[in-house]
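Close look at the chain arrangement
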Amino acid sequence: MKTIRIALLASVALATLSPALSAAMAQKASPAASASLSIPAGDLAGALDQFSRQTGLQVMADPALLSGKRTQGVTGAVAVPAGLRQLLAGTGLDFQLDGETVLLLRQTAGAIPTAAPLPTSAQSTAAASPVLEEVIVTGFKGSITRALDIKREADSIVDAISAEDIGKFPSQNIAEALQRVPGISIVRDRGEGLFVRVRGLGANFQTTTLNGRSAAVNENVRDSGQSGRQFRFDTLPSELVSRVDVIKSPTAALDEGAIGGIVDVRTFRPLDLKDTEHAFSATLSYPELADKLDTRLSGLTSWRNEERTFGVLLAAVYDQRSMRQDRAMNGGWTYLPAGIDTNGDRVADSGPIYRSASTRPTLEQEERERIGLSGAVQWFPTPDIDINLDVAYTDLDIKYDELTYSADFNWAQLVPNTAVVRDGVLVAGTVGASSQIGREQSELAHENLQAGLNGAFRFADGWTLTADTAYSRAYSDTPTPIRRSRVLGPVGNVAFEYFKAGDQVHNLRFLTADLNSPATLPGRRLEWRVNDSLDTEKAAQIDLQKEMDWGPLTALKAGVKYRDRLRDYDRRDLTITRDRNGRSITGTFYGPEYYETAFLVDGFLGETGATLPTVWAVPNGDKFFELMDPALINQPLARADLRNSYRITEKIKSAYVMADLDSTVAGLPVRGNAGVRVAGTNQVSAGHADDGRKADPVRFEKDYTDILPSANLAVDLTDDLVSRVSVAKVITRPSLADLAPRLTLNSSDRIFTAVGGNPNLEPFEAWQYDATLEWYFAPSSALIGGLFYKDIGTFMTTRKSTLVVDGANYELSARVNGGDASIKGVEIAYQQTFDMLPEPLDGLGMLANYTFTDTEATYFDGARIIKDDLENVARHSFNLTGFYEKGPIGIRLSYSWRGDVLAQVGTNGLENANDKAFGSLDGNVTWQINDNLTLVAEATNITDEAQWQFVADDLFSRYDYYGRTFSLGLRAKF
């Protein structure tokens, strides 16, 4: 008795099987003309398994064709072809039957399933041709094969990454795995992938969903820089993820909100797995710079009944991560058209010049502990009802410790004849300075919960009703307050030497002060902050689908959805300049008991070759905060606390109608979809506005409606050549932080300025156009080229205007809609496995992609209108992966690179740091000990690269170094 075997064969291979295979099959015995079948309705993969056992036939299929499909079953004595047709009715699949083998294929437009034999034109060579054994593709090759199948079968433009197997995602971090996708780059935080960019647009322009449902977003509470709508990928363990789809051309059925792309993260479900399975992994990691050992444990267990009508899955992850980052930052550059006095005669003689304000070397350390839990229940109580429950929970706790000192230059004390000017930049000299030594300590927590319940109900005549309800919650807070201990004072003369960004970190010598002595600097102040952000979304959706056979229409779909989102952001700050006894902290010197006895690490910035202090007196935070009066915590909220806190709600009602298309045009199969989505948004922004004397509560309500048509078409030009075109109108709602109703006034030194949020911001709107040509020239292989264009009609920029408060004119800087932007580019991707090479080279394979992005945007700088490149976009990026898999050995090397990313173009060029080009090489080696155990060794940032930032013409802004990480793990599967 033979059982079903699911072979990972690209659909092009199924459609163009070799003559040798056909000849071999022709030699096998003919199947029984009829069989007595007893196969209940249910999961199609399980039904085919029973069909194989009851008929003795071998069934071969691409798992991507079977995923999520159901069958009405078949009972009684029937002819085998008729039984197959009944099993496949309504699934969109066809079959080819030859001998004892059944091949399942995608049904072509207008085709009636037949039992046509496979081509046998080469039967005359059968005797000389060996029987082609079925190959089950696993490992990294299996992962990229599945991802390519997903892309090929999709009606819209989709790229995917897929887990090789349970617990074997191709990277420890989902964002870093996404780098391999064409058009994707990531934003790193302390060496770990944090945010995802699609086709150059920042993370705020992407929508991240979990199992197709909107995911709530954690905020940055470490330094109160707000991310808005950007999903933090460091909160989601990769072991819980089975696959990630990046949808670049939307359909009407998908949630609106992404001008860049939709990143849909899928967790495991029990009935998607072939059998009851249990998997475990244990990994030790060594971050070289932090010089610590970290553990990572994961486990998954899945059970299903024999009928494949009920399944339960549980997965858990626990991991630790030690981080150290050595950083050097510039305090800002100033352009002086009149120049400076270099020889002390009080006459500017340098010519126009750029001059640095300060520099600040910084050591950052983190201890991260993360727990992830995922569960799924699937129940198909009848052939016409599917019920799915998904729950995911993660908890990320971070202990953060930052040490820093500064050299703040007093340019009135420039030592004559020491200044060195090169190319209009003051690159070296000796100057009087002050220094601040600071320490920041905090505990940060990010908690996520998402639960979703889905039911599908099938009725007669091809009707299907689907209902989905979901709840998502992301909470970020400071369980213990952020505490900063600061000492500050003059340090005499300091010699400095700057280099261009990317060349070397600057040299810095304190000529008359010892930063290691507690007696060098007096106290300045203590800072205390608590911060929390709650982001929740409740959603309910109903969809109705009718299968049709009306010309090119194969299905008509419609649905409605309601989303209720809340962002509640609270921040409270205390600045403490007097101790609990009323004595001034400012100017008071504190003894050695207020400092650590030794510096916390060795070799700070040692890899840079720079000459600067690498150890200094480290404040003992616990001891310094004994000076704080505890009664301060309970004092009323200050104006600054009120204006920095806000609450925003969004209630979104949407509806769509969409038609699935499958037809033939000029003899070519054409498939796709077309539809329209309408979304109405009710937005309420509440907070406090500061008029310079008090913070008054304010509330703004705004309603707007968007009509969003879309169309996607795929044309199968040949058996291995697919062309796609798509067009859609898309939106991205403004950042929640930009919508906050806040107004901060500054009237110091008779300069009146103001910064505010803007609750009246409109959403970004764009028309986007895509075209691709995909050549699937061999199994697991493809060459793909694509063009994309986004015409952003409403683009947010910063505008300065005059605001009158209490009779005084303030220069207000606020985000406004009003500019426009365009993005056009090219994507090229190549993937191939070299199976045609002689052994042992037939285990080689590679992936490569390149993206070119050309942009233009309108900016406002006061009364001026400036046309320039779009900010925060890399013009060039590429990814290259080579791998080898043969027998028990697997080797993979991946290099990801992106060019310079400009933070702000056209305005305020010296005020915004730009990311310099950066590339990272990662590697992976696996050894399959036996069927159950696999040993895995990995390394990240193998070439030990650092990240640099610059302003203007390569002026140094920042240097970040986090080193390499090595890991060794064992995976088990039963």
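Computed from a prediction, not measured in an experiment: that's the story for all the values here. (Residues numbered from 1 in each chain as written. Predicted model: local features only at pLDDT ≥ 70, side-chain atom pairs only at ≥ 80, totals over all residues. Heavy atoms only, no water.)

Looking only at helices and strands, the protein features 9 helices and 47 strands. Every one of the 974 residues in the protein was classed for burial, and the buried ones make up 55%. Put simply, 72% of the contacts in the protein that link residues at least 6 apart link residues at least 24 apart. Taken as a whole, the protein presents about 39,300 Å² of accessible surface, with 55% of it coming from carbon and sulfur. (Helix = DSSP H or I, 4+ residues; strand = E, 2+ residues; numbered from the N terminus. Buried < 20%, exposed > 50% of the residue type's maximum accessible area, 1.4 Å probe, protein only. Contact = heavy atoms within 4.5 Å. Areas by Shrake-Rupley, 256 points an atom, 1.4 Å probe, with all protein chains shown as cover.)

As for its position among the elements, glycine 438 is in strand β24 (residues 425-458). In this structure the C-alpha to C-alpha distance between glycine 438 and proline 619, which are 181 residues apart in sequence, comes to 7.1 Å. Once residues lying within four places of it in the same chain are set aside, the contact partners of glycine 438 are Glu402, Leu403, Thr404, Ser485 and Arg486.

This next bit is on the pattern of salt bridges. Under the defined criterion, the tally for this structure stands at 62 salt bridges. We note a salt bridge from arginine 677 to glutamate 256, for which the minimum N-O separation is 2.8 Å. With arginine 677 in strand β30 (residues 668-690) and glutamate 256 in the loop between β13 (241-247) and β14 (261-267), the pair connects residues that are 421 residues apart, well separated along the chain. Look at arginine 677 and you get buried, because its relative accessible area is 3%. Overall, glutamate 256 belongs to the buried group, its relative accessible area being 6%. Aspartate 564 serves as the salt-bridge partner of lysine 651, at 3.1 Å between the closest nitrogen and oxygen. Here lysine 651 is found in strand β29 (residues 646-665), whereas its partner aspartate 564 is found in strand β28 (residues 553-576), with 87 residues between them in sequence. Residue lysine 651 is classed as partly exposed on the basis of its relative accessible area, which comes to 32%. Salt bridges sharing common partners tie together Asp255, Glu256, Glu537, Lys561, Arg563, Arg677 and Arg733. (Salt bridge = Lys/Arg side-chain N within 4 Å of Asp/Glu carboxyl O.)

What follows covers the pairing of β24. Side chains on a regular strand alternate between the two faces of the sheet. Burial of β24 is extensive: 27 of the 34 residues sit out of reach of the surface. Across 3 bridges, the pairing between strand β22 (residues 407-414) and β24 is antiparallel. Residue pairing in the sheet places leucine 414 in a bridge with valine 431 of β24. As paired elements, strand β23 (residues 420-422) and β24 share 3 bridges and run antiparallel to each other. Residue pairing across strands places valine 421 opposite leucine 426, the latter belonging to β24. Hairpin connection, β23 to β24: the antiparallel pair is bridged by 2 residues, and aspartate 423 has positive phi, about 55°. (Pairing = 2+ DSSP bridges.)

Another point: the packing of aromatic side chains. Under the defined criterion, the tally for this structure stands at 25 aromatic pairs. With a centroid separation of 5.1 Å and 35° between ring planes, the pair formed by phenylalanine 409 and phenylalanine 496 is classed as tilted. You can see phenylalanine 409 sitting in strand β22 and its partner phenylalanine 496 sitting in strand β25 (residues 463-497), a full 87 residues away along the chain. For the pair shown, phenylalanine 409 and phenylalanine 496 are each scored as buried. Here the aromatic cluster, defined as three or more aromatic residues joined through ring pairs, consists of Trp333, Phe409, Trp411, Phe496 and Tyr498. (Phe/Tyr/Trp six-rings, centres within 6.5 Å; stacked < 30°, edge-to-face > 60°.)

The next point concerns unusual backbone geometry. The linkage connecting glutamate 839 with the following residue, proline 840, adopts the cis geometry, with an omega of 0°. For proline 840, the position within the fold is in the loop between β37 (808-833) and β38 (844-861). Here aspartate 461, not a glycine, exhibits a phi torsion of approximately 65°, which is positive. Here aspartate 461 is to be found in the loop between β24 and β25. Its relative accessible area of 64% is what places aspartate 461 among the exposed residues. The backbone phi angle of leucine 605 is positive, close to 55°, even though this residue is not glycine. The topology assignment puts leucine 605 in the loop between β28 and α8 (621-624).

Turning our eyes to something else, we now look at the nonpolar core. Membership of the largest hydrophobic core comes to 60 residues, with the highest contact counts inside it found for Phe409 and Leu508. No other element matches β24, which puts 7 residues into this core. Listed in part, the 26 residues of the second largest apolar core include Leu201, Ile259, Ile823 and Leu870. (Core = buried A, V, L, I, M, F, W, Y, C linked by side-chain atoms within 4.5 Å.)

With that settled, consider the confidence of the model for the protein. Close inspection of predicted coordinates is inappropriate in any region flagged by low pLDDT. Across the protein, the average pLDDT comes to 84, with 84% of residues at 70 or higher. Here helix α1 (residues 11-15) stands out as the element of the protein with the lowest mean pLDDT, 29, in contrast to strand β26 (residues 507-510), whose mean of 97 is the highest. Low pLDDT, under 50, characterises residues 1-32; the stretch is placed with 91 contacts to residues that sit more than four places away or in other chains. Below a pLDDT of 50 lies the segment residues 747-751, which in the model reaches 3 contacts outside its immediate sequence neighbourhood of four places, other chains included. (pLDDT = per-residue confidence, 0-100.)

Attention shifts here to the environment of leucine 87. For leucine 87, the position within the fold is in helix α5 (residues 80-88). On the basis of relative accessible area, leucine 87 is assigned to the buried category, the value being 0%. A C-alpha to C-alpha distance of 8.9 Å links leucine 87 and arginine 70, two positions 17 residues apart in sequence. Those residues in contact with leucine 87, other than ones at most four positions away along the chain, are Ile39, Leu44, Ala47, Leu48, Phe51, Thr71, Gly73 and Val74.

Turning our eyes to something else, we now look at the sheet that holds β13. One open sheet holds the 5 strands; their spatial order is β8-β13-β14-β11-β12, and the pairing between them is mixed. What marks the edges here is a single partner per strand, and that holds for β8 (158-162) and β12 (213-214). Relative to β13, β8 runs antiparallel, the two being bridged by 5 bridges. Pairing of isoleucine 161 across the sheet is with valine 244, part of β13.

Those residues of α5 that sit buried are Val80, Gly83, Leu84, Leu87 and Leu88. Buried residues of α5, viewed axially, fall in a sector of 125°; they line one side. (Arc of directions from axis to C-beta.)

You can see glutamine 949 is positioned in strand β45 (residues 947-951). Among the polar contacts listed, one links the side chain of glutamine 949 to the side chain of aspartate 915, at a separation of 2.8 Å. Here glutamine 949 is in contact with Ala501, Ala913, Asn914, Asp915, Lys916, Leu955, Phe956, Ser957 and Arg958, once residues within four sequence places are set aside. (Polar contact = N/O pair within 3.5 Å; in protein donor to acceptor, adjacent residues only side chain to side chain.)

Time to look at the environment of lysine 557. Here lysine 557 is to be found in strand β28. Lysine 557 sits 103 residues away from aspartate 660 along the chain, and the two C-alpha atoms are 7.8 Å apart.

The next thing to look at is helix α6 (residues 139-153). With 15 residues, α6 should reach 21 Å at 1.5 Å per residue; the first-to-last C-alpha distance of 21 Å fits that figure. For α6, a buried count of 15 out of 15 residues is recorded, marking the element as mostly surrounded by other parts of the structure. (Expected span 1.5 Å × (residues − 1).)

Time to look at a nonpolar patch on the surface. On the surface, Ile889, Ile891, Val925, Trp927, Ile929, Leu935, Leu968 and Leu970 cluster together to form a nonpolar patch covering roughly 640 Å² of accessible area. Listing elements by their share of the nonpolar patch, those giving two or more residues are β41 (889-898), β43 (918-928) and β47 (965-973). With respect to the helices and strands, valine 925 occurs in strand β43. (Patch = residues over 30% accessible without salt bridge, like charges linked within 9 Å, V, L, I, M, F, W, Y side chains within 5 Å.)

Relative to the helices and strands, threonine 681 resides in strand β30. With a relative accessible area of 2%, threonine 681 lands in the buried category. A distance of 3.1 Å separates a polar atom in the side chain of threonine 681 from a polar atom in the side chain of arginine 733. Each residue touching threonine 681, except ones within four places of it in the same chain, is listed here: Lys651, Ile652, Lys702, Asp703, Tyr704 and Arg733.

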